[in-house]
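# Fold and geometry: a report
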Amino acid sequence: KQWYQRRVREKIAAKVPNLAPFKEDLLLEAIAQTQAKNDAKKARKGTKMPLLVTKPEVVKPKAMAKSVSAHVTISQCDILLWVIDVRSVDECLCEEISNTIKRGKQKTFIFLLNKIDLVPFSVVRKWHTVLSKTAPTFLMKSTQIILTECEQIVPALKQILGRFGGAKSILSYLNRTYKEVTKIGVIGTKQVGKTCVVSSLLKSCGRTKAKRSIDTKLSESIRLTTTPGLIESESGGLLHVMDNCSKYMNYSPEVLSALSKNIRKEDAMFHFTLPEYSHPEGFLDALAIRYNQYYLKTPDHSAVGRLILKQLRDTRLKFYVESPAVSELATIPADVMVDVERFLFKGDALKITGSQLDIVIVKKEKKKRGGEMDIEEGDEEDLEEMGSGDESALSDEGAMSGEEMS
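Residues numbered from 1 in each chain as written. Predicted model: local features only at pLDDT ≥ 70, side-chain atom pairs only at ≥ 80, totals over all residues. Heavy atoms only, no water.

## Examining helix 6 (residues 121-132)
For clarity, the threshold we go by: Note on conventions: DSSP H or I runs of at least 4 residues are helices, E runs of at least 2 residues are strands, and numbering of each starts at the N terminus. Helix span, as expected, comes to 1.5 Å for every residue beyond the first. Contacts were defined at the residue level, with two residues in contact if any of their heavy atoms lie within 4.5 Å.
The end-to-end C-alpha separation of helix 6 is 16 Å, in line with the 16 Å expected for 12 residues at 1.5 Å each. Along its buried surface, helix 6 packs onto strand 2 (79-85), helix 4 (89-92), strand 3 (108-114), strand 4 (137-139) and strand 11 (319-321).

Structure follows, in structure tokens:
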């Protein structure tokens, strides 16, 4: 503050002549006026309200439930699209749900064999023949289609082929069969592709995410419930293991031991490229040697078990449950084949004889810390005998020393 007053005084003194009378009074008055102006300027800045910019509140839409109970969907819909994983059909079927739909008035269901690109076409034909005797059955590939480089160049081909396979034939059947207003729902067990089926039906009708709601209009007479119904099942098959893969990773040897009982020796040797071994006892050892998984120079069953479970989870190892014997295969409609023909799997997959796995999990005891040892009963007796012998020896030594002192 003193420096500021001296600077102001020097500026004003330069303007006032030295011979002017009362020069000192004039300087003090000029300094006081300058100080008053600065104080007033600071006061104006302090009282000025800052400019506040408020953004309008964005109302976020409430997140829709991923799934509801299958009984809720059955009560609200007229037609049920029952999604089934063709790799293990028996795990996806439920007799209770089937009877509930049949008891309802004017309620029907349609089977959708999903994930047909993961099993051989012969398996798809057998299950199509078996299920079509109960209800209309359609084929579907509900995962995203991967286009080739040539198909991605042309935008028109990208729009036509980039959709999901199998939805077109289902929609044409529904529009052709049901003329009155009908409500459709999707049901199925866990991880069978219910949400993907809903997305494929919506995209085939040109419905974007902005146009989706709980009930979406697919055509003039058909409405789709976009929240699928979940069928709770207590199956212990391979689909259940894949759904809880993180849990079974800690018990991978037990899972492979149960799986080896449902695999033929010839199929295991062919798909895993295994040498001659004793089946099923030596299955884990043969796999560990094949994939070079060792721990302390012994085959590591846990490591090779986790490796096989990861291959199953990532669909690198394709499998299917053996279908029942069929005397005569039914003919798949031409419109269904045209829609899914380019997605059929022409290779081979691992055949599993049964859909249920008898997995016996034995919890491993944790090792004790601090170097403690578990002592058996025989060892305890030996220790007691050793202790009694030591006591008698000490007493004899004490007696000897007493005699010597006397």
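From this point, the discussion proceeds with the structure in view.
## Considerations on helix 13 (residues 252-260)
Within an α-helix, residues lying three or four positions from one another point in the same direction, as the helix has 3.6 residues per turn. How we decide: Each residue gets one of three labels from its accessible area relative to the maximum for its type: buried under 20%, exposed over 50%, partly exposed in between, using a 1.4 Å probe on protein chains only.
With 8 of its 9 residues buried, helix 13 lies for the most part within the structure. When helix 13 is considered as a whole, its buried residues turn out to be S252, P253, E254, V255, L256, A258, L259 and S260. Buried-residue contacts for helix 13 involve helix 11 (238-243), helix 12 (245-248), helix 15 (283-290), helix 16 (301-313) and strand 12 (350-352).

## Examining the pairing of strand 7 (residues 222-225)
We apply this condition: A pair of strands counts as paired when DSSP detects no fewer than two bridges linking them.
In this sheet, strand 7 lies alongside strand 5 (residues 182-188) in parallel orientation, the contact comprising 3 bridges. Counted as the bridge partner of I184 is L224 from strand 7. Inspection of the sheet shows strand 6 (residues 215-217) paired to strand 7 by 3 bridges, in the antiparallel sense. Directly across from T216, in strand 7, lies its bridge partner L224. In textbook terms, the turn of a hairpin is the stretch between consecutive antiparallel strands, and for strand 6 and strand 7 this stretch comprises 4 residues.

## Thoughts on the pairing of strand 5
A large share of strand 5 lies buried, amounting to 6 of its 7 residues. Where strand 2 meets strand 5, 4 bridges bridge the pair, whose relative direction is parallel. By the bridge assignment for strand 5, L81 is matched with V186. With 2 bridges joining them, strand 5 and strand 8 (residues 229-230) adopt parallel strand pairing. Opposite G188, over in strand 8, you have L230 as the bridge partner.

## Some thoughts on the packing of aromatic side chains
Where we set the bar: Think of it this way: a Phe, Tyr or Trp ring, Trp meaning its six-membered ring, pairs with another when their centres are within 6.5 Å, and the plane angle makes it stacked under 30 degrees, edge-to-face over 60, tilted otherwise. Look at NZ for Lys and CZ for Arg. If either is within 6 Å of the ring centre and within 35 degrees of the ring normal, a charge sits over the ring.
Under the criterion given, the structure shown has 6 aromatic pairs. Measuring from centroid to centroid gives 5.7 Å for W82 and F111, while their planes differ by 45 degrees, and the two rings are tilted. Here the residue W82 occupies a position in strand 2, and F111 occupies one in strand 3, the gap between them amounting to 29 residues. Look at W82 and you get buried, because its relative accessible area is 1%. With a centroid separation of 5.2 Å and an interplanar angle of 65 degrees, the aromatic rings of F109 and F111 are classed as edge-to-face. According to the relative accessible area criterion, F109 is buried, its value standing at 8%. Here F111 falls in the buried class, since its relative accessible area comes to 4%. The lysine or arginine in question, K141, covers the ring of F343, its NZ or CZ lying 5.8 Å from the ring centre. Sitting over the face of the ring of Y291, R290 holds its NZ or CZ atom 4.9 Å from the ring centroid.

## Re the side chain of T182
Where we set the bar: Polar contacts, as counted here, are pairs of nitrogen or oxygen atoms within 3.5 Å of one another; within protein the pair requires one atom able to donate a hydrogen and one able to accept it, and residues that are adjacent in sequence qualify only if both atoms are side-chain atoms.
Position of T182 among the secondary structure elements: in strand 5. According to the relative accessible area criterion, T182 is buried, its value standing at 8%. Here E180 takes part through its backbone oxygen, which lies 3.0 Å from a polar atom of the side chain of T182. Not counting residues up to four positions away in its chain, the partners in contact with T182 are D78, I79, S221, I222 and R223.

## Quick look at the packing of helix 13 against helix 16
Put simply, the rule is: All axes are obtained by fitting lines to C-alpha atoms, using only the stretch in contact for helices, and the reported angles, taken between N-to-C directions, cover 0 to 180 degrees. Note on terminology: angles under 35 degrees are roughly parallel, angles over 145 are roughly antiparallel, angles of 65 to 115 are roughly perpendicular, and the others are oblique. In this scheme the crossing of two helices becomes right-handed for a clockwise turn of the near helix relative to the far one and left-handed for an anticlockwise turn of less than a right angle. Classification used: nonpolar for Ala, Val, Leu, Ile, Met, Phe, Trp, Tyr, Cys and Pro, charged for Asp, Glu, Lys and Arg, polar for all others including Gly.
Interhelical geometry of helix 13 versus helix 16 gives an angle of 70 degrees and a closest axis separation of 8 Å. On the basis of their axis angle, the class for helix 13 and helix 16 is roughly perpendicular. The two elements helix 13 and helix 16 cross, and the hand of that crossing is left-handed. Residues S252, P253, V255 and L256 of helix 13 pack against H301, S302, V304, G305, R306, I308 and L309 of helix 16. A per-class count over the contact of helix 13 with helix 16 returns 6 nonpolar, 4 polar and 1 charged.

## What about the side chain of K194?
Position of K194 among the secondary structure elements: in helix 10 (residues 194-204). Among the polar contacts made by the side chain of K194, one reaches the main-chain carbonyl oxygen of T189 at a distance of 2.8 Å.

## Things to note about the environment of L239
In this structure, L239 sits in helix 11. The buried category is assigned to L239, whose relative accessible area is 13%. Taking the C-alpha atoms as reference points, L239 and L312, separated by 73 residues in sequence, lie 9.7 Å from one another. Beyond its immediate chain neighbours, meaning those up to four positions away, L239 contacts D85, R87, S88, E91, C92 and F319.

## Quick notes on the nonpolar core
For clarity, the cut-off: Residues belong to one nonpolar core when they are buried, are Ala, Val, Leu, Ile, Met, Phe, Trp, Tyr or Cys, and are joined through side-chain atoms within 4.5 Å.
Formed by 85 residues in total, the largest nonpolar core has its most connected members in W82 and F272. Top element by residues in this core is strand 2. It accounts for 6 residues.

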